[in-house]
Amino acid sequence: MTTHRISARLLAYLYALFVLYFAFSMLSPVLPLYLEAVGLSPLLVGAVIGVLGVVRIPLAPVAGALADVLGRKRVLLAGLVLSAAGTLLLLLKSVALLVAGRALVGVFGAFLAPVAWALVSEEASERGARGGVLALANAVASAASVAAPALAGYLASALGFEAVISASALLLLAAAPA
């Protein structure tokens with residue numbers, strides 16, 4: 001990205017991308033430990049964590065097309081809010097609700113990254129700087145994925161697992177205005 005200025009809209013999309021990756025990456029190091037502390041067996045820990053991918057994988061190819069029909073920003077907003085709701089279900093500590101929460105995040109999470117990347121790409125195309133903007137967006141997402149586990153570990157140590165789960169959900173909601 002040579003001397004192109006970053007528009008307010010692109011900055012908002014990059015913010016949403018950062019927060020999205022940060023919120024999801026926070027749970028990676030903490031969720032297995034939390035589920036074990038709740039009393040789940042290793043088999044159930046794997047099932048609760050894995051259900052997100054099982055639900056997300058078949059929906060991913062559909063996500064972009066549906067967002068094109070319904071509107072990317074609308075789908076992004078709904079996905080963020082409903083993923084936050086699914087994340088908060090983890091606090092209820094029932095196996096059924098843990099699975100339901102992860103499945104909900106899987107369903108709506110399938111739309112989040114593709115839609116966020118599409119918005120960034122669309123904005124970059126309008127500015128004639130797709131390569132540079134996408135490289136910047138990748139750096140933003142990578143920085144979030146690197147920083148989030150460290151903060152999650154600190155929060156879990158200082159305030160407990162529930163603080164990390166709550167922070168993840170709140171961050172998803174914080175990205176919603178973008």
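Residues numbered from 1 in each chain as written. Predicted model: local features only at pLDDT ≥ 70, side-chain atom pairs only at ≥ 80, totals over all residues. Heavy atoms only, no water.

1. A look at the overall build of the protein chain
Selection criterion: Elements are defined by DSSP. Helices are runs of H or I of four residues or more, strands are runs of E of two residues or more, and each kind is numbered from the N terminus. Each radius of gyration is computed over the set of C-alpha atoms, and the globule rule expresses the reference value as 2.2 Å times the number of residues to the power 0.38. Note on definitions: a residue-residue contact is assigned when non-hydrogen atoms from the two residues lie within 4.5 Å. Surface accessibility in these figures is a Shrake-Rupley result with a 1.4 Å probe; residues are shielded only by whichever protein chains are displayed.
When you go through the protein chain residue by residue, the secondary structure sums to six helices and zero strands. Across the protein chain, helices and strands are ordered from the amino to the carboxyl terminus as α-α-α-α-α-α. For 178 residues, the compact-globule estimate of 2.2 N^0.38 gives 16 Å, and the protein chain sits close to it at 17 Å. Dimensions along the principal axes, computed over C-alpha positions, put the protein chain at roughly 55 × 35 × 25 Å. In the protein chain, 83% of the contacts between residues at least 6 apart in sequence involve partners at least 24 apart. For the protein chain, the computed accessible surface area is about 8,400 Å², with 71% contributed by carbon and sulfur atoms.

2. Here's the deal with the side chain of S7
The following threshold applies: Counting of polar contacts relies on pairs of N or O atoms within 3.5 Å, with two restrictions inside protein: one atom must be capable of donating a hydrogen and the other of accepting it, and residues adjacent in sequence are counted only when both atoms are side-chain atoms.
Among the secondary structure elements, S7 is positioned in the segment before helix 1 (8-38). Here the side chain of S7 touches E123 through a polar contact of 2.7 Å, side chain to side chain.

3. Here's the deal with the confidence of the model for the protein chain
Keep this limit in mind: Per-residue confidence from the predictor is reported as pLDDT, which spans 0 to 100.
Overall, the prediction assigns the protein chain a mean pLDDT of 90, with 95% of residues at 70 or greater. Of all the helices and strands in the protein chain, helix 4 (residues 95-127) carries the lowest mean pLDDT, 88, while helix 6 (residues 161-175) carries the highest, 95.

4. Here we look at the side chain of S83
Mapped onto the elements of the fold, S83 is located in helix 3 (residues 72-89). Excluding residues within four positions of it along the chain, S83 makes contact with F24, V105, F108, G109, L112 and L172.

5. Side note on the packing of aromatic side chains
Defined as follows: Each Phe, Tyr or Trp ring (for Trp, its six-membered ring) is paired with any other whose centre lies within 6.5 Å, and the angle between the two planes then decides the class: stacked below 30 degrees, edge-to-face above 60, tilted in between. Buried means the residue's accessible area, taken with a 1.4 Å probe over protein chains only, is under 20% of the maximum for its type, while exposed means over 50%, and partly exposed covers the values in between. Definition used: whenever NZ (Lys) or CZ (Arg) falls within 6 Å of the ring centre and also within 35 degrees of the ring normal, the charge is taken to sit over that ring.
Taken as a whole, this structure holds two aromatic pairs when the rule is applied. Taking 6.1 Å as the distance between ring centres and 70° as the angle between the ring planes, the aromatic pair formed by Y34 and F161 counts as edge-to-face. In this pair, Y34 is assigned in helix 1 and F161 in helix 6, connecting sequence segments 127 residues apart. Under the relative-accessibility criterion, F161 is labelled partly exposed at 23%. Directly above the aromatic system of F24 lies the positively charged group of R56, at a separation of 5.7 Å from the ring centroid.

6. A few points about the environment of G160
Here G160 is to be found in the loop between helix 5 (130-159) and helix 6. G160 gets classed as buried once you look at its relative accessible area, which sits at 19%. A sequence separation of 127 residues divides G160 from L33, and the C-alpha atoms of the two residues are 11 Å apart.

7. With respect to the pattern of salt bridges
Pairing between side chains becomes possible if they bear opposite charge and their charged atoms approach one another. Under the convention used in this document: One speaks of a salt bridge when a side-chain nitrogen belonging to Lys or Arg is within 4 Å of a carboxyl oxygen belonging to Asp or Glu.
Within this structure, the stated rule accounts for four salt bridges. One salt bridge connects R9 with E123, and the closest N-O pair in it is separated by 2.7 Å. With R9 in helix 1 and E123 in helix 4, the pair connects residues that are 114 residues apart, well separated along the chain. Put simply, R72 and E122 hold a salt bridge, and the shortest N to O gap is 2.3 Å. Separated by 50 residues along the polypeptide, R72 in helix 3 and E122 in helix 4 bring together distant segments of the chain. By relative accessible area, which is 34% here, E122 ends up partly exposed.

8. Section: a nonpolar patch on the surface
Worth spelling out the cut-off: Within this analysis, patches are made of residues with over 30% relative accessible area and no salt bridge. Like charges are joined at 9 Å or less; nonpolar side chains (Val, Leu, Ile, Met, Phe, Trp, Tyr) at 5 Å or less.
On the surface, L77, V81, L82, L170 and L173 cluster together into a nonpolar patch covering about 400 Å² of accessible area. Contributing elements (two or more residues each) for the nonpolar patch: helix 3 and helix 6. It is helix 3 that contributes the most residues to the nonpolar patch, three residues altogether. Tracing the sequence through the fold places L173 in helix 6. Using a relative accessible area of 37% as the deciding quantity, one classes L173 as partly exposed.

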